[in-house]
Amino acid sequence: MNNPPLPRQFALDIGHTPSPSLSNFLAGENIALHSTLQDLVKSWEINHPRLASENPLNQRWIYWWGPEGSGRTHLLSAIGSAAQELGLEYFPLTPNEPISWVHLEERLPSLSTSNRPSIVTVDDVDRLDERLVASLFRILNEIQGSQAIHIFMAGNGAPGTLKLREDLRTRLGWGLIFQTHLLGDDEKIQALQQAAQARGLVLSPDVLPWLLSRFYRDMPNLMALIDALDAYSLETKRAVTLPLVRELLQPK
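Everything numeric in this text was worked out from a predicted model, so none of it was measured. (Residues numbered from 1 in each chain as written. Predicted model: local features only at pLDDT ≥ 70, side-chain atom pairs only at ≥ 80, totals over all residues. Heavy atoms only, no water.)

Time to look at the overall build of the protein chain. Within the protein chain one finds 9 helices and 5 strands. Secondary structure elements in the protein chain, listed N-terminal to C-terminal, are α-β-α-β-α-β-α-β-α-β-α-α-α-α. Burial analysis of the protein chain (252 residues in total) assigns 49% to the buried set. Contacts in the protein chain between residues at least 24 apart in sequence constitute 79% of all its contacts with a sequence separation of at least 6. For the protein chain, the accessible surface area stands at approximately 12,500 Å², while carbon and sulfur atoms represent 50% of it. (Helix = DSSP H or I, 4+ residues; strand = E, 2+ residues; numbered from the N terminus. Buried < 20%, exposed > 50% of the residue type's maximum accessible area, 1.4 Å probe, protein only. Contact = heavy atoms within 4.5 Å. Areas by Shrake-Rupley, 256 points an atom, 1.4 Å probe, with all protein chains shown as cover.)

Structure (structure tokens):
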């Protein structure tokens, strides 16, 4: 089933949309990865990170992979937000912002000798071009010998299946590897209910099952729809019922 076009209300500016965090991530089958990240953040909170001499890469070097909508980017953003809240240096890298990679490589020599944790996230590893693949290779080599740099990477496939240089694919697997899984329908409903509650939004009980059976099934679109329903409900001063949802989704 093809998703219908997104209605105009999806473009509304939602200023109170909760940011991705570990606390608002519904783990489902991703409980092992979620728990690992929570434990790491707790170690940063008590200022007792794992020493490089005890465990040089495990839990300081993590790659996860899975289909779109399985929480890959949410978890990267969540771990970055946790680092920032604790005042740690944080470097988010994506294929779309090459200048961030240059900035990190300039900072790596000083970060590598520090005992204070610093955090690097790399999203969409599978989309890196040749220049960024070379940059990530250099970054990983530097992080391997560092004292407390943590790197978290995500892509759409296991390291061995990615269309990248063999030496980079090998390095992606030097630390922990997790597969992220899509939520089941009941878990999606639970996650959407949590998202609605975080926004102070009350949904009619028939809204979410109807959306899953008739319209969107992937979490990014469903979460965007919660935002749109929130905005449209405020705009029209009406409760979020099935008629309101149908009206929102009606082609303009």
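Working note: α-helix, 3.6 residues per turn, so residues spaced by three or four point in the same direction. Buried within helix 7 (residues 207–214) are the following residues: Val207, Leu208, Trp210, Leu211 and Leu212. Check the buried side of helix 7 and you find it contacts helix 6 (185–198), helix 8 (219–236) and helix 9 (242–249).

Looking now at the nonpolar core. Buried together is how nonpolar side chains tend to be arranged in soluble globular proteins. By size, the foremost hydrophobic cluster in this structure holds 27 residues, and its most contacted members are Leu211, Val240 and Val245. At the level of elements, helix 6, helix 7, helix 8 and helix 9 are the ones that each hand at least two residues to this core. Ranked by residues supplied to this core, first place goes to helix 8 with 7 residues. Leave out the neighbours within four places in its chain, and Val240 touches Leu201, Val202, Leu203, Ser204, Val207, Leu229, Ser233 and Val245. (Core = buried A, V, L, I, M, F, W, Y, C linked by side-chain atoms within 4.5 Å.)

So, about the packing of aromatic side chains. All chains considered together, the criterion is met by 3 aromatic pairs. Pairing Trp61 with Trp174 gives two aromatic rings, centres 5.7 Å apart and planes at 35°, and the pair type is tilted. You can see Trp61 sitting in strand 1 (residues 61–65) and its partner Trp174 sitting in the loop between helix 5 (166–172) and strand 5 (176–179), a full 113 residues away along the chain. You can call Trp61 buried: its relative accessible area is 0%. Residue Trp174 is classed as partly exposed on the basis of its relative accessible area, which comes to 29%. Summarising the aromatic geometry, the rings of Trp64 and Phe152 are spaced 6.3 Å apart at their centres and angled 45° between planes, so their arrangement reads as tilted. (Phe/Tyr/Trp six-rings, centres within 6.5 Å; stacked < 30°, edge-to-face > 60°.)

Turning our eyes to something else, we now look at the layout of surface pockets. Over the atoms a probe the size of a water molecule is rolled, and this reveals where empty space is left. There is about 670 Å³ of room inside the largest pocket. Lining the largest pocket we find 28 residues, and of these Gly71, His74, Met219, Pro220 and Met223 sit closest to its centre. Of all the secondary-structure elements, those providing two or more residues to the lining of the largest pocket are helix 2 (72–85), helix 6 and helix 8. The element contributing the most residues to the lining of the largest pocket is helix 8, with 5 residues. (1 Å grid on protein atoms, 1.4 Å probe; cavity = no way out; pocket = protein on both sides within 12 Å on 5 of 7 lines; lining within 4 Å. Points joined across faces, edges and corners; volume = space filled by probe spheres on them.)

Take the packing of helix 3 (residues 98–112) against helix 4 (residues 130–144) next. Relative to each other, helix 3 and helix 4 sit at 15°, their axes nearing to 10 Å. When the interaxial angle is binned, helix 3 and helix 4 end up roughly parallel. Helix 3 and helix 4 meet at a crossing whose hand is left-handed. Counting all contacts with helix 3, which are made through Pro98, Trp101, Leu104, Glu105, Leu108, Pro109 and Ser112, the residues of helix 4 involved are Arg131, Leu132, Ser135, Leu136, Arg138, Ile139, Glu142 and Ile143. The class makeup of the residues in the contact of helix 3 with helix 4 is 9 nonpolar, 2 polar and 4 charged. (Axes fitted to C-alpha atoms, helices over the stretch in contact; angles between N-to-C directions. Parallel < 35°, antiparallel > 145°, perpendicular 65-115°, else oblique. Left-handed = near helix turned anticlockwise from the far one by under 90°. Nonpolar A, V, L, I, M, F, W, Y, C, P; charged D, E, K, R; others polar.)

In this section: the sheet that holds strand 3 (residues 118–122). Two pairing modes exist for strands in a sheet, parallel and antiparallel, and in both the strands are linked by backbone hydrogen bonds. Taken in spatial order, the 5 strands make up an open sheet running 2-3-4-1-5, and their pairing is parallel. Pairing within the sheet leaves two strands with one partner each, and these edge strands are strand 2 (89–93) and strand 5. The average undirected angle you get between the axes of adjacent strands in this sheet is 15°. As defined by bridge partners, strand 3 adjoins strand 4 (residues 149–155) across 5 bridges and the pair is classed as parallel. Bridge pairing in strand 4 places Thr121 opposite Phe152. Contacts between helix 1 (residues 31–45) and the sheet are confined to strand 1, strand 3, strand 4 and strand 5, with strand 1 contributing the most and set at about 150° to the helix. Against the sheet, helix 2 engages strand 1, strand 2, strand 3 and strand 4, with an angle of about 160° to strand 4. (Pairing = 2+ DSSP bridges.)

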